[in-house]
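# Fold and geometry: a report
What follows is the residue order along each chain.
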Amino acid sequence: MSEDVVSTGEGVAEKDDARHAMKMAKKKTAREKIMATKTDEKGLIIVNTGKGKGKSTAGFGMIFRHIAHGMPCAVVQFIKGAWETGERDLIEKHFGDVCQFYTLGEGFTWETQDRARDVAMAEKAWEKAKELIRDERNSMVLLDEINIALRYDYIDVAEVVRFLKEEKPHMTHVVLTGRNAKEDLIEAADLVTEMELIKHPFRSGIKAQKGVEF
């Protein structure tokens, strides 16, 4: 390869690098202008819903961020009472001083087969949730799988929305997980994420596995 070809190649690479640097500098400037306008802080109503995996996982991710920052938080599980989850074990054994954890469900609805009992347990969980949310020491409260209880009308969604709008402390974050979130809740939320299902191993005959699902 001749020196001229090498020189030309290096010159093209240098021009590409320079163009990239200029492009990124413009993006940085534009980004900084946008960020300068974002000055407000408030406690968010966050909904994780959809048929895909990861709704509770994402909620617990935020809980662990709070724990890492030493910010008091709490979890109320509405459905998964029958499961021994890694998140619950870890929090209860090592972070109980920062994060309160209440498992007030008794398993999925098709396991209990007792609507009256499911309604009673959901109402009990909701009462505990309200108590924890009202406590301004809690920076975040995760209501795990509450959308399932709302879907089956074990709890009145209008009451949940009213409480979140009128009684939630201004700086408290509330995370509500579970598929089939109701439209009234979605409308009231500040942040809504829908997990989309593309593929799932369950469809291929693979059962739920420790460290992945629980």
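Here, every reference points to the structure presented above.
Below is a short write-up of the structure. Note that the structure is a prediction, hence the values are computed from the model and not measured.

## Here we look at the sheet that holds strand S6 (residues 191-194)
- Taken in spatial order, the 6 strands of this open sheet run S3-S2-S4-S5-S1-S6, and their pairing is parallel. Both outer strands of the open sheet, strand S3 (99-103) and S6, are each paired with one neighbouring strand and no more. Neighbour-to-neighbour, the strand axes of the sheet open up by a mean angle of 10 degrees, direction not taken into account.
- Relative to S3, strand S2 (residues 73-77) runs parallel, the two being bridged by 5 bridges. Opposite Gln77, over in S3, you have Thr103 as the bridge partner.
- Sheet contacts for helix H3 (residues 86-94): S2 and S3; angle to S3, the most-contacted strand, approximately 135 degrees.

## Overview of the environment of Gly105
- Along the chain, the position of Gly105 falls in the loop between S3 and helix H4 (109-112).
- Distance in space between the C-alpha atoms of Gly105 and Arg117 is 10.0 Å, their sequence separation being 12 residues.

## With respect to the pattern of salt bridges
- Scanning all chains against the criterion turns up 10 salt bridges.
- Note that Asp190 is salt-bridged to Lys42, the shortest N-O span being 3.0 Å. A residue pair is termed long-range when its members are at least 10 positions apart, and Asp190 in the loop between helix H8 (183-188) and S6 and Lys42 in the loop between helix H1 (3-36) and strand S1 (45-49) qualify at 148 residues.
- According to the relative accessible area criterion, Asp190 is partly exposed, its value standing at 38%.
- Through salt bridges that share partners, Glu127, Lys130, Arg134, Glu159, Arg162, Glu166 and Glu167 make up one connected network.

## What about the packing of helix H2 (residues 55-68) against H3?
- Closest axis-to-axis distance for the H2/H3 pair is 12 Å, and the angle between their directions is 15 degrees. Considering their axes alone, H2 and H3 lie roughly parallel with respect to each other. Note that H2 runs across H3; the crossing there is left-handed. For the pair formed by H2 and H3, the contact residues are Phe60, Ile63, Phe64 and Ile67 on the first element and Glu87, Leu90 and Ile91 on the second.
- Among the residues forming the contact of H2 with H3, the class breakdown is 6 nonpolar, no polar and 1 charged.

What counts and what doesn't
- Residues numbered from 1 in each chain as written.
- Predicted model: local features only at pLDDT ≥ 70, side-chain atom pairs only at ≥ 80, totals over all residues.
- Heavy atoms only, no water.
- Pairing = 2+ DSSP bridges.
- Helix = DSSP H or I, 4+ residues; strand = E, 2+ residues; numbered from the N terminus.
- Axes fitted to C-alpha atoms, helices over the stretch in contact; angles between N-to-C directions.
- Contact = heavy atoms within 4.5 Å.
- Salt bridge = Lys/Arg side-chain N within 4 Å of Asp/Glu carboxyl O.
- Buried < 20%, exposed > 50% of the residue type's maximum accessible area, 1.4 Å probe, protein only.
- Parallel < 35°, antiparallel > 145°, perpendicular 65-115°, else oblique.
- Left-handed = near helix turned anticlockwise from the far one by under 90°.
- Nonpolar A, V, L, I, M, F, W, Y, C, P; charged D, E, K, R; others polar.

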